[in-house]
Amino acid sequence: MHDLILRHARVRGFDRPVDIAIDGGVITRVGAVERRAAEEIVLEGRAVVPGLWDGHVHFSQWARTRGRLDVSAAASVDHVSVLVREAEPTGMLVGFGFRWATWGETPTAEALDRARVAPTVLLSGDLHSSWVNTAAARALGCAPGLLREDEAFAVQVALGALPLPDAEVADAVRAAGARGVVGIVDLEMDDALETWGARIARGIDGLRVDAGFYAPLLDARVEAGAASGTAVAGTRGLLRHGPLKIITDGSLNTRTAHCIDPYPGGGHGTQNVPPAELADLMRTATRAGIACAIHAIGDHANDIALGAFEQSGARGSIEHAQLLADGDADRFAGLGVIASVQPEHALDDRDVADVLWEGRTHRAFPLRALIDAGATLALGSDAPVAPLDPWIAISAAVHRTRDGRPGWHPEQSITLDEAIAASTRSRVAPGNPADLAVLDAEPGTADAAALRALPVALTLMGGRVTHAAL
Ligand SMILES: [Zn+2]
């Protein structure tokens, strides 16, 4: 007697539908299964893929963002003011998603004060700017106006200290499951390990979580023996120690991505961590078996990050890798550094990139070049920057468009199979965890829009149903 059998599943590599037997949270057989099970689910020929992972998430911020004012459509300071004025007047108003790089004016505290006297904070779509009115600056203990980089992050940390109800977190976990997600790499700026340990203990246990952390926690993690991939006791293996995250440059929209060539109007962006210091931190992590997740967006920042991997012997990923110098895709492959990329950002940024990276966009979001060089890709959302939904990332990676325009640099597209492989960590085969997503449409024939919205009928995580819409 098996624990569970999924009957009549369509699995890659089989010409006809098969059964999938699951025992103790693990796939034990794929093929014809004669024996019965405690529970059987008939899939009627639906496609089954491995459960999906999001390789880069800020989960608490994502859970909060789902209830925040959406200012992503704003095209000017005045436009934002209208959206803020129309918002429900309840205490601290937090908005998300503005992108001011091409507005031709810099947001000010005064403009936001005119729209709303009560505390109001807007976070930019790339999270590298925070726009704070006078009352909110007083409440959060920061400067008013447009804050960038570390000052902007400090505002987000202060907002993160406000209570986040479990119901909102549980809802976001359920929503991820409904998109076929079984696991995330959480790179939240507070202590994700502690946060998730407590959540799982309180029964919010629908996701596997690799909990990343930042440099201020490095010594404590080294001392605790927090080698990456090690399961955290008392979490049934759901929570694992994740990588050391280091943010080495800024972002395109904030004009702080560190680039070899100057931005129009000048400046090369910012290098937040000098190369020698970066390599030192990575060496310390590596000695303790801790992987490194190095944020690098501009081509110069990527060059420095790759150099730091070379010098330190670290393993891990470069997060974003949005603009690469010619030949640097080969360095990813040679060093075994994972390119942890967010394809939807290419579509968020294509118009800005065409201006700020004019003449260089053939090297932007170079997913095809990375795969052809032999590098390993991991897709993610950087939620809340993009929604926590792997099908959006997969569609963006395959089609490089979302609005009917021709694909942006279609020569850098990857195939559906490559995109799914870069979004999964297991296989539909015996011995693998029973992390599975059952699809309600055929992804291979879906166009860009249908792939983004691909319906998921059933999600299993460790053999447990975390989403069912059969
Ligand atoms: Zn991030």
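Since the model is a prediction, treat every value here as computed from it, not as a measurement.

A. Molecular detail of the sheet that holds strand β4 (residues 37-42). Reading across from one edge, β3-β2-β1-β4 is the order of the four strands in this open sheet, with mixed pairing throughout. For this open sheet the edge positions go to β3 (26-31) and β4, each flanked by a neighbour on one side alone. The mean angle between the axes of side-by-side strands here comes to 20°, regardless of whether they run parallel or antiparallel. Bridge count for strand β2 (residues 18-23) against β3 is five bridges, and the pairing is antiparallel.

B. Geometry of unusual backbone geometry. In this structure, the amide linkage connecting A383 to the following residue, P384, adopts the cis form with an omega of 15°. Within the fold, P384 resides in the loop between β18 (377-379) and α14 (390-399). Here the phi dihedral of A321 falls at roughly 45°; this positive angle occurs in a residue that is not glycine. Relative to the elements of secondary structure, A321 occurs in the loop between β16 (316-320) and α11 (328-335). By relative accessible area, which is 0% here, A321 ends up buried.

C. Expanded view of the sheet that holds strand β21 (residues 464-468). An order of β5-β19-β20-β21 is seen for the four strands of this open sheet, with the pairing classed as antiparallel. Edge strands, defined here as strands with exactly one partner in the open sheet, are β5 (48-50) and β21. Ignoring which end each strand starts from, the neighbouring axes of this sheet average 20° apart. In the sheet, strand β20 (residues 456-461) pairs with β21 via four bridges, with the strands oriented antiparallel. Paired with L460 across the bridge in β21 is V465.

D. How the structure looks around the pattern of salt bridges. Tallied over the full model, the rule gives 32 salt bridges. Measuring nitrogen to oxygen at the nearest pair gives 2.9 Å for the salt bridge that ties R7 to E40. Linking R7 in strand β1 (residues 2-9) with E40 in strand β4, this pair joins segments that are 33 residues apart in sequence. Of the residues examined, E40 reaches a relative accessible area of 27% and is grouped as partly exposed.

E. Examining empty space enclosed by the protein more closely. This structure, assessed with the given rule, holds two cavities of 30 Å³ or more. By volume, the largest cavity is sized at about 220 Å³. Taken together, 23 residues make up the lining of the largest cavity; nearest its centre are D126, H128, H295, H320 and D382. Elements with a minimum of two residues in the lining of the largest cavity: α5 (149-160), β14 (239-247) and α12 (343-356). Ranked by residues supplied to the lining of the largest cavity, first place goes to α12 with three residues.

F. Focus on the packing of aromatic side chains. Scanning all chains against the criterion turns up five aromatic pairs. Looking at R199, its charged tip hangs above the ring of W196, at a distance of 4.7 Å from the centre.

G. Summary view of the environment of L123. Within the element layout of this structure, L123 appears in strand β9 (residues 120-124). You can call L123 buried: its relative accessible area is 1%. Along the backbone, L123 and H258 are 135 residues apart, and their C-alpha atoms lie at a distance of 21 Å. In contact with L123, other than residues within four places in its own chain, are Q61, R68, G95, F96, G97, F98, S129, S130, Q156 and L159.

H. Structural view of the coordination of the zinc ion. At 2.0 to 2.2 Å from the zinc ion lie its protein donor atoms, namely H56 (NE2), H58 (NE2) and D382 (OD). Counting along the primary sequence, the residues that act as donors to the zinc ion give the motif H-x1-H-x323-D. Of the two residues, H58 is situated in the loop between β6 (52-57) and α1 (59-65) and D382 in the loop between β18 and α14; the sequence distance between them amounts to 324 residues. On the accessibility criterion, H58 (5% relative accessible area) is buried.

I. Molecular detail of the packing of helix α10 (residues 299-312) against α11. Between α10 and α11, whose axes approach to 11 Å, the crossing angle comes to 25°. The angle between α10 and α11 falls in the class roughly parallel. By crossing handedness, the relation of α10 to α11 is classed as left-handed. Along the contact surface, α10 presents N302, D303, L306, G307, F309 and E310, while α11 presents D328, R331, F332 and L335.

J. Focus on the packing of α12 against α14. α14 packs onto α12 with a crossing angle of 65° between their chain directions and a minimal axis gap of 7 Å. Regarding the angle of α12 to α14, the classification is roughly perpendicular. Between α12 and α14 lies a crossing whose hand is left-handed. Across the interface between the two elements, P343, E344 and L347 from α12 touch I392, A393, A396 and A397 from α14. Looking at side-chain class alone, the contact of α12 with α14 contains six nonpolar, no polar and one charged residues.

The rules we used
- Residues numbered from 1 in each chain as written.
- Predicted model: local features only at pLDDT ≥ 70, side-chain atom pairs only at ≥ 80, totals over all residues.
- Heavy atoms only, no water.
- Pairing = 2+ DSSP bridges.
- Helix = DSSP H or I, 4+ residues; strand = E, 2+ residues; numbered from the N terminus.
- Axes fitted to C-alpha atoms, helices over the stretch in contact; angles between N-to-C directions.
- Buried < 20%, exposed > 50% of the residue type's maximum accessible area, 1.4 Å probe, protein only.
- Salt bridge = Lys/Arg side-chain N within 4 Å of Asp/Glu carboxyl O.
- 1 Å grid on protein atoms, 1.4 Å probe; cavity = no way out; pocket = protein on both sides within 12 Å on 5 of 7 lines; lining within 4 Å.
- Points joined across faces, edges and corners; volume = space filled by probe spheres on them.
- Phe/Tyr/Trp six-rings, centres within 6.5 Å; stacked < 30°, edge-to-face > 60°.
- Lys NZ or Arg CZ within 6 Å of the ring centre and 35° of its normal.
- Contact = heavy atoms within 4.5 Å.
- Donors = N, O, S within 2.8 Å, 3.2 Å for Na, K, Ca; no water.
- Parallel < 35°, antiparallel > 145°, perpendicular 65-115°, else oblique.
- Left-handed = near helix turned anticlockwise from the far one by under 90°.
- Nonpolar A, V, L, I, M, F, W, Y, C, P; charged D, E, K, R; others polar.

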